[in-house]
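# Examination of the molecular architecture
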Amino acid sequence: MNHLSHAQFWRLLVLLTGLWAAVPAGADTVAAVQLLREGGCGGILPPARPLHHEALLDRAAQQWAAGSSPTAATRRSGYEAEATAAVHVSGPESSAVELLRRSDCRAVTDGALRDIGVYRHGQDTWLLLASRYVVPARSQGPVLAARALQLVNEVRARGARCGERSFAPAPPVTLSGTLAGVALGHASDMAEHNYFEHQDLAGRSPADRVRAVGYPEKLVGENIAYGPKSAEEVVQGWLASPGHCENIMDPRFAEMGIAYAAGHSSKRGLYWVQLLAAPRPAGGRDG
């Protein structure tokens, strides 16, 4: 048993059985879920904090009942979910505690989930439990950039295959504050104006934007992405795409800047921009 001795478990089970029996007929499903979370499914799981009843998830549960998948229904409702659990039970609402305990008590008491939505029709109940995706604060930028740098240099150190091309190990790149600032500017512009292109709305290329801030570039490469929620996810996505992977593995690049910005309007995910560059030597000329 988790966290409880055998004797403690049976004492708690007797207590909860009394509580379940005390739930009046017609007690709603949300209250049944809260009771199960508080008791850890009769003591076999750690207790979990109560859930917040979320109207958007009520709407998503209704769409699920109408035939949508739980994931699609949650997305269409406007709820930005990081994690979800879907539970469907059939039976009288007065038996909700027992139905849920027998159906999928582990999902119902998942401590990582924070919100709940319910839709009931006849004897059937659809429950969606979820936690919201929280956009990383701007203050997390340096932490995520350092992690992305680590991942990029790890793959450069061992070499990689990018589509049909194989790349030998390459020297590490270092972070550039200047390149990071240019990357943030482009990510923020895409997020604000809802577009996804290397060329910005003023018609400037990545090299143009780098040159505009006085960076002495010899060669510039840019990777962009929309949607990934972590440094691990965005770097892995680029490595899975031959062209983006080739940028990361190009041994000519010596510096990197990376930044993200949260989208607006209907696109609320993260826009990512990675700039890779080879600076000209001091006093040098392009050649």
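Check the entry above for the structure.
In what follows, the accompanying structure is described. (Residues numbered from 1 in each chain as written. Predicted model: local features only at pLDDT ≥ 70, side-chain atom pairs only at ≥ 80, totals over all residues. Heavy atoms only, no water.)

The first and last C-alpha atoms of helix 7 (residues 177-193) sit 24 Å apart over 17 residues, in line with the 24 Å expected at 1.5 Å per residue. Residues of helix 7 that are buried: L179, V182, A183, H186, A187, M190 and A191. All buried residues of helix 7 fall inside an arc of 170° around its axis, so they share one side. In this structure, helix 7 carries G177 and E192 as exposed residues pointing more than 90 degrees from its buried face. On its buried face, helix 7 sits against helix 8 (206-212), strand 8 (217-226), strand 9 (255-262) and strand 10 (270-279). Among the residues of helix 7, the N-terminal cap falls to S176, whose side-chain oxygen and the backbone nitrogen of T178 are separated by 3.3 Å. Remark: N194 follows helix 7 within two positions and exhibits a positive phi of approximately 60°. (Helix = DSSP H or I, 4+ residues; strand = E, 2+ residues; numbered from the N terminus. Expected span 1.5 Å × (residues − 1). Buried < 20%, exposed > 50% of the residue type's maximum accessible area, 1.4 Å probe, protein only. Arc of directions from axis to C-beta. Contact = heavy atoms within 4.5 Å. Polar contact = N/O pair within 3.5 Å; in protein donor to acceptor, adjacent residues only side chain to side chain.)

If you trace the backbone, A48 turns up in the loop between helix 2 (29-43) and strand 1 (52-53). Residues A48 and L35, spaced 13 residues apart in sequence, show a C-alpha to C-alpha distance of 9.8 Å.

This part takes up the pattern of salt bridges. Pairs may arise between side chains of opposite charge once their charged atoms sit close together. For the coordinates displayed, the defined rule picks out twelve salt bridges. Among the salt bridges present, the one from R165 reaches E246, with a minimum N-O distance of 3.5 Å. Here the residue R165 occupies a position in strand 6 (residues 165-167), and E246 occupies one in helix 10 (residues 242-249), the gap between them amounting to 81 residues. In this structure R165 comes out as partly exposed when scored by relative accessible area, which is 46%. The closest approach of N and O atoms between E222 and R209, which form a salt bridge, is 2.9 Å. Residue E222 is located in strand 8, and its partner R209 is located in helix 8; the two are separated by 13 residues in the primary sequence. (Salt bridge = Lys/Arg side-chain N within 4 Å of Asp/Glu carboxyl O.)

Here four strands make up an open sheet; going across it, the order is 1-3-4-2 and the pairing mixed. Each having just a single partner strand, strand 1 and strand 2 (81-90) make up the two edges of the open sheet. For strand 3 (residues 115-121) and strand 4 (residues 124-132), the ladder comprises seven bridges, and the chain directions are antiparallel. Counterpart to V118 in the pairing with strand 4 is L127. Against the sheet, helix 5 (residues 96-108) engages strand 2 and strand 4, with an angle of about 170° to strand 2. (Pairing = 2+ DSSP bridges. Axes fitted to C-alpha atoms, helices over the stretch in contact; angles between N-to-C directions.)

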